[in-house]
Amino acid sequence: MKIARITVWQKDLPLAAPYWLSGGRLKFERLDSTFVRIDTDDDLMGWGEGCPWGNTYLPAFGGGTRAALDLLAPLLIGHDPREIEALNRRMDVALPGHPYAKSPLDMALWDLFGQSAGLPLYALFGGAEGETVALNSSISTGTPDAMVARIEAARAAGYRTHSAKVGGDDPALDIARIEAVEAVRRDDEAVTYDVNRAWTPALAIQVMNAVSAGGWFEQPCETLDQCLHVRRRTRQPIMLDECLHRFQDHLEAWKAGACEGVKVKPNRLGGLTRARQVRDFGVAVGWRMHIEDVGGTVLADTAALHLALSTAPENRLASWLCHPHLADDPAPGQGARNRNGRAALPATPGLGVVPDADWLGDAVAAYH
Ligand code: MG
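These numbers were taken from a predicted model, which means no experiment stands behind them.

K.L.:
I'd like to hear about the domain arrangement of the protein chain, residue by residue, with values.
P.N.:
The figure often quoted for interface size is the accessible area lost as the parts come together. For the protein chain, the assigned domains are domain 1 (3-118 + 357-367) and domain 2 (123-344). Using only C-alpha atoms to locate each centre, domain 1 and domain 2 end up separated by 23 Å. Contact between domain 1 and domain 2 buries roughly 3300 Å² in total, counting both sides, with carbon and sulfur atoms accounting for 59%. Counting the surface domain 1 buries against domain 2, the share from its top three residues, Tyr19, Tyr57 and Trp110, is 19%. In this structure, the connection of domain 1 to domain 2 is made through 2 salt bridges. Residue arginine 274 is joined to aspartate 92 by a salt bridge in which the shortest nitrogen-to-oxygen separation is 2.7 Å. Linking domain 1 with domain 2 are 14 residue pairs in polar contact (both at pLDDT 80 or more), by the criterion used here. Taken together, the elements giving at least two residues each to the side of domain 1 that touches domain 2 come down to strand E1 (3-21), strand E2 (26-40), strand E3 (45-50), helix H2 (84-94) and helix H3 (99-117). Looking at which element gives the most residues to the side of domain 1 that touches domain 2, the answer is H3, with 11 residues. Of the residues belonging to the side of domain 1 that touches domain 2, the class tally is 26 nonpolar, 9 polar and 7 charged.

Right under this line is the structure:
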């Protein structure tokens, strides 16, 4: 089996409603997503999606994905798509870094590997651990009352784990947000307060030591060292996200004792291959992990949730789905969908999601 052709599409994905992170510092209204299809010489088609969460969340953006694909895609033509490790090394030699641009290609390679093996991705990643994956909501930053209203709407949709976005330069407002959410949190609910690197260490220590919440605080500050400083002066467990780009970053976080959990996101790490390495490391050291993608349609969501489903329950926290935030859907009815706070994965070979050709429209590039 050889890779014969790689086709690339770009789609703007409007959010159904504007979304604020980091205490309102960062606003999002649309995502720029890149879709790839890898065709083989025996007529298999593998799909991948790379969708950074806008331009301000991570050092990644849609235009960068497509520019890098112009260099990376030709490197894969003529090779066996099942040689995933070797093809990742080939991409890394040609273009160090730029993990977000490699992610859609790596995802499509896994889709092909699964189809050729006749197995769903979760079987290739270690086998299903349970029937479904618990889902978590994502609660945009707002006034305390607005955030409580969003929690209640998410609860009505079945979510029992919530990621509440806080952070800003007014500690009294953040304390009010957190206490308002804690006041309505039910015993069967968990809330992670995701700061998205907005606090200075001093502000993080002030807020975290003032609130009653004893659960997870995520990425309180910009850097690993700042988060470690906060870790040593507060009592709540720390989840790290935006400061983890390479395997080495996870190793350093573990050795420093900086966190008890991490977010594992294929597009941030360079694809499913790298995300699986981090997931396995996290299991080995006893981390708890939210396994989900950075953004995208049901295609990217489903790929990440295959990895989540194959992760031991004691190491797996709930997964977020991006696609419910979007106005458009390229594959209605397919893939991982919210069913009262949980999602099942397709048992069909490969990734199990095929975007609609009319929805994708004209390709922006093709390599053969
Ligand atoms: Mg986060």
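K.L.:
Explain the sheet that holds E1 residue by residue, including any values.
P.N.:
Reading across the sheet, the 4 strands line up as E3-E2-E1-E13 and stay open at both edges, with antiparallel pairing between neighbours. Two strands close off the open sheet at either side, each with one partner strand: E3 and strand E13 (365-367). Strand-to-strand, the axes of this sheet are offset by a mean angle of 25°, without reference to chain direction. Pairing between E2 and E3: 6 bridges, direction antiparallel. The residue of E3 that forms the bridge with aspartate 39 is methionine 45. Of the strands in this sheet, E1, E2 and E3 touch H3, which is tilted by about 150° from E3.

K.L.:
Now, about the coordination of the magnesium ion: what can you tell me, with residues and values included?
P.N.:
Protein coordination of the magnesium ion is provided by Asp194 (OD), Glu218 (OE) and Asp241 (OD), with donor distances spanning 2.0 to 2.4 Å. Considered as a linear motif, the donors of the magnesium ion on their single chain read D-x23-E-x22-D. Taken together, the residues span a long stretch of sequence, with aspartate 194 in strand E6 (residues 190-194) and aspartate 241 in the loop between strand E8 (238-240) and helix H9 (247-256) at a distance of 47 residues. Across the pair, exposure class does not vary: aspartate 194 and aspartate 241 are buried alike.

K.L.:
Talk me through the pattern of salt bridges; I want residue IDs and the actual numbers.
P.N.:
Going through the model one piece at a time under the given rule, you end up with 23 salt bridges. Ionic pairing is found between arginine 82 and aspartate 80, a salt bridge with its closest N-O pair at 2.8 Å. With relative accessibility at 12%, the residue aspartate 80 sits in the buried group. Between arginine 276 and glutamate 85 there is a salt bridge whose closest N-O contact spans 3.9 Å.

K.L.:
Any chance you could break down the packing of helix H5 (residues 144-156) against helix H6 (residues 171-184) for me, citing the residues and the numbers?
P.N.:
Look at H5 against H6: their axes get within 9 Å of each other, and the N-to-C directions meet at 35°. Of the two possible hands of crossing, H5 and H6 adopt the one that is right-handed. Contact residues: H5 offers Pro144, Met147, Val148, Ile151, Glu152 and Arg155, while H6 offers Leu173, Ala176, Arg177, Ala180, Val181 and Val184. Here the contact of H5 with H6 is composed, by residue class, of 9 nonpolar, no polar and 3 charged.

K.L.:
Please give an account of helix H8 (residues 224-231) that cites residues and values.
P.N.:
For an α-helix the count is 3.6 residues per turn, leaving residues at separations of three or four pointing the same way. All of the buried residues in H8 are Leu224, Cys227, Leu228, Val230 and Arg231. With its buried residues spanning 160° around the axis, H8 presents them on a single face. Of the surrounding elements, those touching the buried residues of H8 are helix H7 (201-208), E8 and H9.

K.L.:
Please provide a residue-by-residue account of the packing of aromatic side chains, values included.
P.N.:
Applying the stated rule across the entire model yields 11 aromatic pairs. Measuring from centroid to centroid gives 5.7 Å for tryptophan 110 and phenylalanine 113, while their planes differ by 55°, and the two rings are tilted. In this pair, tryptophan 110 and phenylalanine 113 are both assigned in helix H3, 3 residues apart and thus about one turn of the helix distant. Classification of tryptophan 110 by relative accessible area gives buried; the value is 4%. Lysine 11 extends its terminal NZ or CZ atom over the ring of tryptophan 359, reaching a point 4.6 Å from the ring centre.

Reading the values: the criteria
- Residues numbered from 1 in each chain as written.
- Predicted model: local features only at pLDDT ≥ 70, side-chain atom pairs only at ≥ 80, totals over all residues.
- Heavy atoms only, no water.
- Domains from an automatic or database assignment.
- Buried area = accessible area lost by both parts, 1.4 Å probe.
- Salt bridge = Lys/Arg side-chain N within 4 Å of Asp/Glu carboxyl O.
- Polar contact = N/O pair within 3.5 Å; in protein donor to acceptor, adjacent residues only side chain to side chain.
- Helix = DSSP H or I, 4+ residues; strand = E, 2+ residues; numbered from the N terminus.
- Nonpolar A, V, L, I, M, F, W, Y, C, P; charged D, E, K, R; others polar.
- Pairing = 2+ DSSP bridges.
- Axes fitted to C-alpha atoms, helices over the stretch in contact; angles between N-to-C directions.
- Contact = heavy atoms within 4.5 Å.
- Donors = N, O, S within 2.8 Å, 3.2 Å for Na, K, Ca; no water.
- Buried < 20%, exposed > 50% of the residue type's maximum accessible area, 1.4 Å probe, protein only.
- Left-handed = near helix turned anticlockwise from the far one by under 90°.
- Arc of directions from axis to C-beta.
- Phe/Tyr/Trp six-rings, centres within 6.5 Å; stacked < 30°, edge-to-face > 60°.
- Lys NZ or Arg CZ within 6 Å of the ring centre and 35° of its normal.

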